[in-house]
Amino acid sequence: MAAGERCAVRVRGARLQYGRTRVLQGLDMSVLQGTIYGLLGASGCGKTTLLSCVVGRRRLCSGEVEVLGVTPGTVGSGVPGRRIGYMPQETALYKTFTVMETLRYFGWIFGMKPQEFVKRAEMLLDLLEMPDKHKLVQFLSGGQKRRLSFAAALLHDSEVLILDEPTVGLDPVLRDVIWQYLLRLVGHGGKTVILTTHYIEEARQAHTVGLMRNGRLMDEDSPNNLLNKYGCDSLEDVFLQLSVRQERRTDVQIVPDEGCHDESGQQDAGKSIAPSERTQFIDKQLALVTHHDAGDNHVEEFCNLMSVDRMKALLFKNYISVFRDPVYVSFIFGLCVFAVTCVWVGFGGTPRGLRLAVVNHDSRGAGARRCEGSRPLAACNLTDLGCRFIAHLAADTFYKDFYDSRESAAEAVRRGRAWGSLYFSENFTSEVADRVMSAHSITSHRDVPDSSNVQVRLDMSNKVIGWMIWEELHATYMRFADSILSSCDKNVRIARVPLSFKEPVYGSMTPSFLTFAAPGVLNMMMYFFGVALTVWGIAAEREEGLLNRNIVAGVTSFEIMFSYFLTQFVLMCCQAALLIGFGIFVYDFHCAGSLLLVVCLILLQGISGMCYGFVISASCQTERTAIHIAVGSLVPMMILCCVVWPAEGMYGVLRAISPFVPMTLPVHSMRAVMLRGWGMEHFDVYAGFLGSSAWILVLAAACALIFRVHKL
């Protein structure tokens, strides 16, 4: 190594494996500062993995990596960070950004000053022949996206450029422009470039070429030296010859000596490039920009936890991603109103229009069996009581279909044409009359003839409807008996059950299922919306390579989480306002207690759901997997948290698990506030607040741990 020269990147004994798969096998690589290093190899040989180790995104099982004299990932190294310019293999661009917004986003990430950003952005857009800078990324062609990704990597004028397949899909003229720019950037600015390419012959323009296969660097040298050493006319032939020797298990790998190679041929490739018509244009563009040391970038830190510029960029990205997606906006705000409306309109109402199969053998006079016409009840007129009982059935609840026999009525129930059958015997009127008039002499149930009873057979396959019919028939009988007894000057208490129900302590005498379910439904929807807002965020960015690119640029996991939290919290507050506004003020969900406590509980549930979504999203490699886990876990949560059924009705094991489900205690707390009017002095109320807060802390800690383990 010549005096004054040093390695920008040094890799020694790099070994890395996933399970039993060896990706890097004792690899050594040296990149001289101020040169272009072309890393060549087939897909799957470990090139991208090696670059991930260089930028600090992966940790070696053994060996060491140094970038600019420091170990990537150490505090204050700037790697990952603004000392590195990184273009991943995938384009890794936000589709909802425009071309200029994309560059501005990365300019904020790297803390570039406005004037500096404008100069470099305009120069790169001109150099790479980008289209209208206000055009959305999602409408760019594949080649235009790669050019924009390349521009984002060059934007902040880093000390080392890591470019993974930068020229794939570009036309030869533009590839030549990019190579000329890189050569002059290295020559004039002293930058270092490491790139991979599928175009092996274009790598002859690099100062050093490394030939990689099966996790090993077979050889590295200047292109001319490699051609001379192996007597080949092309680098492709050199690569083929080395690959054949490797297959024959011949030790052809050349281990570099201490320090970096400084062969005279290293610079030959750069000097031998023929002048191009674009050379003057490139030099002119480079002259517009005053190169600076990467350490001059202005990045204002807040409490040593986050960068103000990076937070501005992340918040800008989050809100643009949300509000430029009409489907997402409709989901966030429209689903709240739609869900509450569906609950109010279709949940907990009394079933209507239920068909009953009626067999009336009482009072066989003409037309009596069909109970046609109105039958007013005269004073103690104990006639045709079967039809009078039927007349007491609520007309909007029951449709009566009359049958001639009990068998035909039972068959109608079996065939699903009716929910139950009623049978009135031939002596129903006379037996009921005797029962009423001689009520004081009845001493045993044996004294009550069966023919004085209405014989009922129900379809109890639907428990809710079956119970409702049972309750309605009981209430009908009470109204029927009261009318007869009062008209005959008898004590109406004779026919009543010896239980006296007074005004309830909480609630009403006629509670609806909606009243019971509404607090739990509001909590469940807020938790679900919190999960939905975040579950695909990190997973989607990771799947598209955006998360990796941000972290290489120096964004921390805390900044990612905090930016998502701020964005989603604002959206969640809007959702909570819609839920409470429509639920309580529009659809009149009963709320006997403090509305402030209700709001606080709902917000805590939303935050808890957000944290759960963060955990899922950070744990999953793909967006699809994250959504599957979220949906699959929310269903048992909904059942176990007592939204639709009390814990007292569960089996012992489930009943023991129920209090530890994130929504259970807040649901109980919400019911205590809304239905009982309780305040924070009651355990059931503050237990919900404590439970939500505990889950938030646990899930946030779990998310931080996952970020640390996965190096997010």
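Everything that follows concerns the structure shown earlier in this document.
In short, a report on the structure. (Residues numbered from 1 in each chain as written. Predicted model: local features only at pLDDT ≥ 70, side-chain atom pairs only at ≥ 80, totals over all residues. Heavy atoms only, no water.)

### Overview of helix H21 (residues 623-640)
- Helix length check: H21 (18 residues) gives 26 Å between terminal C-alpha atoms against 26 Å at 1.5 Å per residue, within 8%.
- Taken as a whole, H21 has its buried residues at Ala626, Ala630, Ser633, Leu634, Met637 and Leu640. Down the axis of H21, the smallest arc covering the buried residues is 120 degrees, so these residues share one side. Among the exposed residues of H21, those oriented more than 90 degrees off its buried face are Arg624 and His628.
- Where the residues of H21 are buried, they touch helix H16 (513-535), helix H17 (537-543), helix H20 (595-619), helix H22 (652-657) and helix H23 (664-676).
- The first or second residue beyond H21 is Cys642, which carries a positive phi of 70 degrees. (Helix = DSSP H or I, 4+ residues; strand = E, 2+ residues; numbered from the N terminus. Expected span 1.5 Å × (residues − 1). Buried < 20%, exposed > 50% of the residue type's maximum accessible area, 1.4 Å probe, protein only. Arc of directions from axis to C-beta. Contact = heavy atoms within 4.5 Å.)

### Some words on the environment of Trp678
- Its location among the elements puts Trp678 in the loop between H23 and helix H24 (683-709).
- Taking C-alpha positions, Trp678 is 8.1 Å from Ser594, a pair spaced 84 residues apart along the chain.
- Once residues lying within four places of it in the same chain are set aside, the contact partners of Trp678 are Tyr506, Leu597, Ala672, Val673, Asp684 and Val685.
- A distance of 2.8 Å separates a polar atom in the side chain of Trp678 from a polar atom in the side chain of Tyr506. (Polar contact = N/O pair within 3.5 Å; in protein donor to acceptor, adjacent residues only side chain to side chain.)

### Some points on the packing of helix H11 (residues 326-346) against helix H19 (residues 557-586)
- Orientation of H11 relative to H19, taken along the N-to-C sense of each, is 25 degrees, at an axis distance of 8 Å. By the angle class used here, H11 and H19 are roughly parallel. Once H11 is placed against H19, the crossing between them reads as right-handed. Together, Tyr328, Ile332, Phe333, Cys336, Val337 and Val340 of H11 and Gln568, Leu571, Cys574, Gln575, Leu578, Leu579, Phe582 and Gly583 of H19 make up the contact between the two elements. (Axes fitted to C-alpha atoms, helices over the stretch in contact; angles between N-to-C directions. Parallel < 35°, antiparallel > 145°, perpendicular 65-115°, else oblique. Left-handed = near helix turned anticlockwise from the far one by under 90°.)

### Some points on the sheet that holds strand S14 (residues 420-424)
- Strand order in the open sheet formed by four strands is S13-S12-S14-S15, and the pairing between neighbours is mixed. Where the open sheet ends on each side, the last strands, each with one partner, are strand S13 (398-402) and strand S15 (455-458). Here the strands of the sheet are splayed against their neighbours by 25 degrees on average, with no regard to which way each runs.
- As judged from the five bridges shared by strand S12 (residues 354-360) and S14, these two strands associate in the parallel manner. Among the inter-strand pairings, Asn360 is bridged to a residue of S14, identified as Phe424. (Pairing = 2+ DSSP bridges.)

### Topic: the packing of aromatic side chains
- Applying the stated criterion to the full structure yields 17 aromatic pairs.
- Residues Tyr506 and Trp678 carry aromatic rings whose centres are separated by 6.1 Å and whose planes lie at 80 degrees to one another, so their mutual orientation is edge-to-face. You can see Tyr506 sitting in the loop between helix H15 (463-487) and H16 and its partner Trp678 sitting in the loop between H23 and H24, a full 172 residues away along the chain.
- Considering the side-chain rings of Phe565 and Phe569, the 5.7 Å spacing of their centres and the 20 degrees angle between planes classify their relative orientation as stacked. Separated by four residues within a single helix, Phe565 and Phe569 lie in helix H19, roughly one turn from each other.
- Accessibility expressed as a relative area gives 27% for Phe569, which makes it partly exposed.
- Grouped by ring-pair contacts, the aromatic residues Tyr94, Phe97, Tyr105, Phe106, Trp108 and Phe316 constitute a single cluster.
- Seen from the ring of Tyr423, Arg406 lies directly overhead, with NZ or CZ sitting 4.2 Å from the centre. (Phe/Tyr/Trp six-rings, centres within 6.5 Å; stacked < 30°, edge-to-face > 60°. Lys NZ or Arg CZ within 6 Å of the ring centre and 35° of its normal.)

### Re H15
- With 25 residues, H15 ought to run about 36 Å at 1.5 Å a step, and its terminal C-alpha atoms sit 36 Å apart, in line with that.
- Immediately beyond the C-terminal end of H15, within one or two residues, lies Asp489, with a positive phi of roughly 55 degrees.

### Some points on unusual backbone geometry
- Here the phi dihedral of Ala92 falls at roughly 55 degrees; this positive angle occurs in a residue that is not glycine.
- Locating Ala92 in the fold gives a position in the loop between strand S5 (84-87) and helix H2 (99-109).
- Non-glycine residue Cys642 carries a positive phi angle of around 70 degrees.
- On the secondary structure map, Cys642 appears in the loop between H21 and H22.

### A few points about the sheet that holds strand S1 (residues 7-18)
- Spatially, S2-S1-S4 is the arrangement adopted by the three strands of the open sheet, whose pairing is antiparallel. Pairing within the sheet leaves two strands with one partner each, and these edge strands are strand S2 (21-32) and strand S4 (62-67). Taking the axes of each pair of neighbouring strands and ignoring which way they run, one obtains an average angle of 15 degrees across the sheet.
- Pairing geometry for S1 and S4, over five bridges, is antiparallel. Its bridge partner being in S4, Arg15 is matched across the sheet by Ser62.
- Taken strand by strand, helix H1 (residues 47-54) contacts S1, S2 and S4, and its axis lies near 120 degrees from that of S1.

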